[in-house]
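Analysis of the macromolecular model
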Amino acid sequence: MTSATLPGTASPDVVHGRPSLLGDSITLTQRSLAHWRRNPGPLIASLGFNIVMVLMFAYLFGGALQVPGGGSYREFLMPGMFAMTMVFGISLTTLAVSADLDRGVTDRLRSMPVSPLAPLIGRAVADMLFAVVTLAVMLLAGLAVGWRAHGGVGDTLAAFGLILLLRFALVWVGIFLGLVMKGQEAVAGVQTLEFPLGFLSNAFVSPATMPGWLGAIAEWNPLSATVGAIRELFGNPGWGGDSWAVQHYPTMAVIWPIVLVVIFLPLSMSKYRSLSR
Amino acid sequence: MTAGNYAIVAEGLRKRYGDRYALDGFDLQVRPGSVCGLLGPNGAGKTTSVRILSTLLGFDEGRAEVAGFDVARQADQVRYRIGLVGQNAAVDEVLSGYQNLVIFGRLFHLGTKHARQRAGELLERFGLAEAGDKPVKAYSGGMRRRLDLAAGMILTPSVLFLDEPTTGLDPRSRNEVWVSVRELVRSGTTVLLTTQYLDEADQLADQISVIDTGKVIAEGTPDDLKARLGGDRIDLVVHDAADLAAASAQLRQVAGAEPEVDADRRFVSAQVGHRAAALTEVLRGLDAAGVAVEDVALRRPTLDEVFLHLTGRRPQTVEEAEAAGKAKKGKGKKGKGDEPNAGPARSENVEEVPA
């Protein structure tokens, strides 16, 4: 960081550098990590919730569900769970963004010479780091209940890449929602969005068994694209289908997140800037 | 005089929300090293003006300079030179006071080493050294506000904005904050303070601007503003309620105007011209009329009376302000600042502001 006093600085004793998007983003990412170290409760609860979901589906509902092609239910289940946990991360993002706004932290940052994008990027990076931790825990949980990846190393890594790509897209959805919604309302609003997005998909039920229009929505759901694609990559059983979306899950698993980022990243940025209106 | 001689200049600022003006031709000039109190009822535009001057909010018309830089065109230059302490402590509740200050120091681009050093110094200076490693949520209200002040002081700003810095604080915490603010001013910082508490403005401000419906309707030193009411007042408390009428008549004769009477407190009060002469005359007259006086005071008008005179409204009491603050929070407001003025709420008994 270059040190430079700006002309006419009020305090010649304090030497400071210049705004830097990278530096400010790193500082704000570290702030979120420090926050979690001090207060790990919500993260532990989130990980616990995901593990409980796995156990519930594996041991409670598992027996009642018919697996396509007669494969292992747990093999079928885990790709859906991996992707679901990424969806459940949205409310963590929204809550954090909304809390900073409510408490005036965002205003303080905006009154400081901080790069205007840094608070959003810091949030996104921190949430991606937690997504990696979540995925690692889910991987262990999956292995523990008997799930296995049958593809090659490349396919397996690609599958995890797609899961994180989905999370990256959803981070920007979460940031945008946090900027436009208010307080507790934000969390409630986002949680009502997580469940339909999660369950109206191919994660647990075949879209073919749903009423026609609902099934179509489920097949075109971004979550279904990721789940369908990673089932193929892991070599786990999944539902077939005739629609274009179903035939092209891997393509859609890349296109959907890109579309979401292209929509929600600029929207978030412009919403953040328009806080000054 | 050129803008260069002032730490804060606002000229004809207008900020519109829909068809209402939250600021409607707001002018302000604050000399370096002084404390300017911005006083006004809720919705008058206090917070809006602070948010504009601290680069948080854009505006529709006018011009503003802070610390010699244009607020709209040189926002980053302004941001290196200001501190902002808003209505709620804008710090991370989970992190410690020290962690918060280090992060803010790094965001002012001090570098990690200097940011740590500065955080330590500021905690010391604001009496938070011992609590430095505790999470902020364990702090008392006064401690939080001091941490907030410390965070606003990281670069020793030339201009510090304090938006209702003691709202919701108990008297002791309020006093702690006042002591800190006076200290900052001694080190040369210019302060723009918004407040609904007249005693706070009286305590801290060198200059007061009274703002109503988005513009400054009166300005001057606290003494100037009090003098505008046209002199001192005599307050009397009579021993016997039966004497109230006689006391009131006597005071009316000397003051040449109808005195205020509060029968419950057996209290009569009026504004008088020549202070000592008037007092002597009133007391002599009461003595002659056989009225026993329990208490008598010759005093300057309070800022409350100035405020009532200028805006036609009583300022909020501490309790009312807190109740209003809580109601606002309940609505889940999000940094929007003042709502646009809720129309002219002037009561019927408004006196015209003297030209």
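Residues numbered from 1 in each chain as written. Chains lettered and ligands numbered in written order. Predicted model: local features only at pLDDT ≥ 70, side-chain atom pairs only at ≥ 80, totals over all residues.

Naming follows an unreviewed UniProt entry, where chain B appears as Daunorubicin/doxorubicin resistance ABC transporter ATP-binding protein DrrA of Micromonospora arborensis. Listed in UniProt under the heading Sequence similarities (unreviewed entry), the comment for chain B reads: "Belongs to the ABC transporter superfamily. Drug exporter-1 (DrugE1) (TC 3.A.1.105) family." Checking UniProt for chain B, the heading Subcellular location (unreviewed entry) contains the comment "Cell membrane". (UniProt positions renumbered as here; feature names shortened; annotations may be inferred.)

Going by the annotation in an unreviewed UniProt entry, the name recorded for chain A is Transport permease protein, with Micromonospora arborensis given as the source organism.

**Quick notes on the overall build of chain A**
Within chain A, the secondary structure is distributed over 12 helices and zero strands. Across chain A, helices and strands are ordered from the amino to the carboxyl terminus as α-α-α-α-α-α-α-α-α-α-α-α. Reported as C-alpha extents along the three principal axes, the dimensions of chain A are approximately 75 × 35 × 35 Å. Residues counted as buried form 44% of the 277 residues belonging to chain A. Taking the intrachain contacts of chain A between residues at least 6 apart in sequence as the baseline, contacts between residues at least 24 apart amount to 80%. (Helix = DSSP H or I, 4+ residues; strand = E, 2+ residues; numbered from the N terminus. Buried ≥ 20, exposed ≤ 12 C-beta atoms within 10 Å, placed from the backbone. Contact = placed C-beta atoms within 7 Å.)

**Notes on the pairing of strand E10 (residues 215-220) of chain B**
Residues and elements named next belong to chain B. Relative to E10, strand E9 (residues 207-212) runs antiparallel, the two sharing five bridges. Across the sheet, the residue bridging to Ile211 is Val216, located in E10. The turn joining E9 and E10, which pair antiparallel and follow one another in sequence, is formed by two residues; a positive phi near 40° is taken by Thr213. (Pairing = 2+ DSSP bridges.)

**A look at the interface of chain A and chain B**
Every contact between the two is made by 37 residues of chain A and, on the other side, 37 residues of chain B. For the side of chain A that touches chain B, the secondary structure elements donating two or more residues are helix H1 (21-38), helix H4 (90-102), helix H5 (105-110) and helix H8 (183-199) of chain A. Among the residues forming the side of chain A that touches chain B, the class breakdown is 12 nonpolar, 13 polar and 12 charged. (Nonpolar A, V, L, I, M, F, W, Y, C, P; charged D, E, K, R; others polar.)

**Some words on the sheet that holds strand E6 (residues 82-85) of chain B**
Residue and element names in this part refer to chain B. As summarised here, the arrangement of the six strands in space is E6-E7-E8-E3-E9-E10, forming an open sheet in which the pairing is mixed. At either margin of the open sheet sits one strand with a lone partner, and together these are E6 and E10. Averaged over all pairs of adjacent strands, the angle between strand axes in this sheet comes to 15°, irrespective of strand direction. Pairing of strand E7 (residues 159-163) with strand E8 (residues 190-195) involves five bridges; the strand directions are parallel. Paired with Phe161 across the strands is Leu192, a residue of E8. (Axes fitted to C-alpha atoms, helices over the stretch in contact; angles between N-to-C directions.)

**Quick look at the confidence of the model for chain A**
With 94% of its residues at a pLDDT of 70 or more, chain A shows a mean pLDDT of 88. With pLDDT under 50 throughout, residues 1-13 of chain A is counted as low confidence; its partners more than four residues away or in other chains account for 24 contacts. (pLDDT = per-residue confidence, 0-100.)

**Side note on the domain arrangement of chain B**
Taken domain by domain, chain B holds domain 1 (3-226) and domain 2 (232-299). Inter-centroid distance (C-alpha atoms) of domain 1 of chain B to domain 2 of chain B is 43 Å. (Domains from an automatic or database assignment.)

**Some details on the UniProt feature "transmembrane region" (unreviewed entry) in chain A**
All names here are of chain A. Summarizing the sequence annotation, UniProt attributes the feature "transmembrane region" (unreviewed entry) to residues 41-61, 81-99, 120-145, 157-181, 193-214 and 249-267 in the numbering used throughout. This span, residues 41-61, is 100% helix and 0% strand, and a straight line between its end C-alpha atoms measures 28 Å. From the first C-alpha to the last, residues 157-181 spans 36 Å; its make-up is 96% helix and 0% strand.

**Notes on the nonpolar core**
In terms of nonpolar packing, the biggest core is built from 156 residues, with Ile8(B) and Leu192(B) touching the most fellow members. Considering each element in turn, this core owes the most residues, 13 residues, to helix H7 (residues 153-180) of chain A. Those residues in contact with Leu192(B), other than ones at most four positions away along the chain, are Ile8(B), Val30(B), Cys36(B), Leu38(B), Val50(B), Leu53(B), Val159(B) and Phe161(B). Of all hydrophobic cores here, the second largest spans 13 residues; its members include Leu251(B), Ala270(B), Val282(B) and Leu286(B). (Core = buried A, V, L, I, M, F, W, Y, C linked by C-beta atoms within 7 Å.)

**What to know about the environment of Ile175(A)**
All names here are of chain A. The residue Ile175 is located in helix H7 in this model. Residue classification places Ile175 among the buried positions, given that 29 C-beta atoms sit within 10 Å. Distance from Ile175 to Tyr272, taken between C-alpha atoms, is 9.8 Å for residues 97 residues apart in sequence. In contact with Ile175, other than residues within four places in its own chain, are Thr93, Val97, Leu120, Arg123, Ala124 and Ser268.

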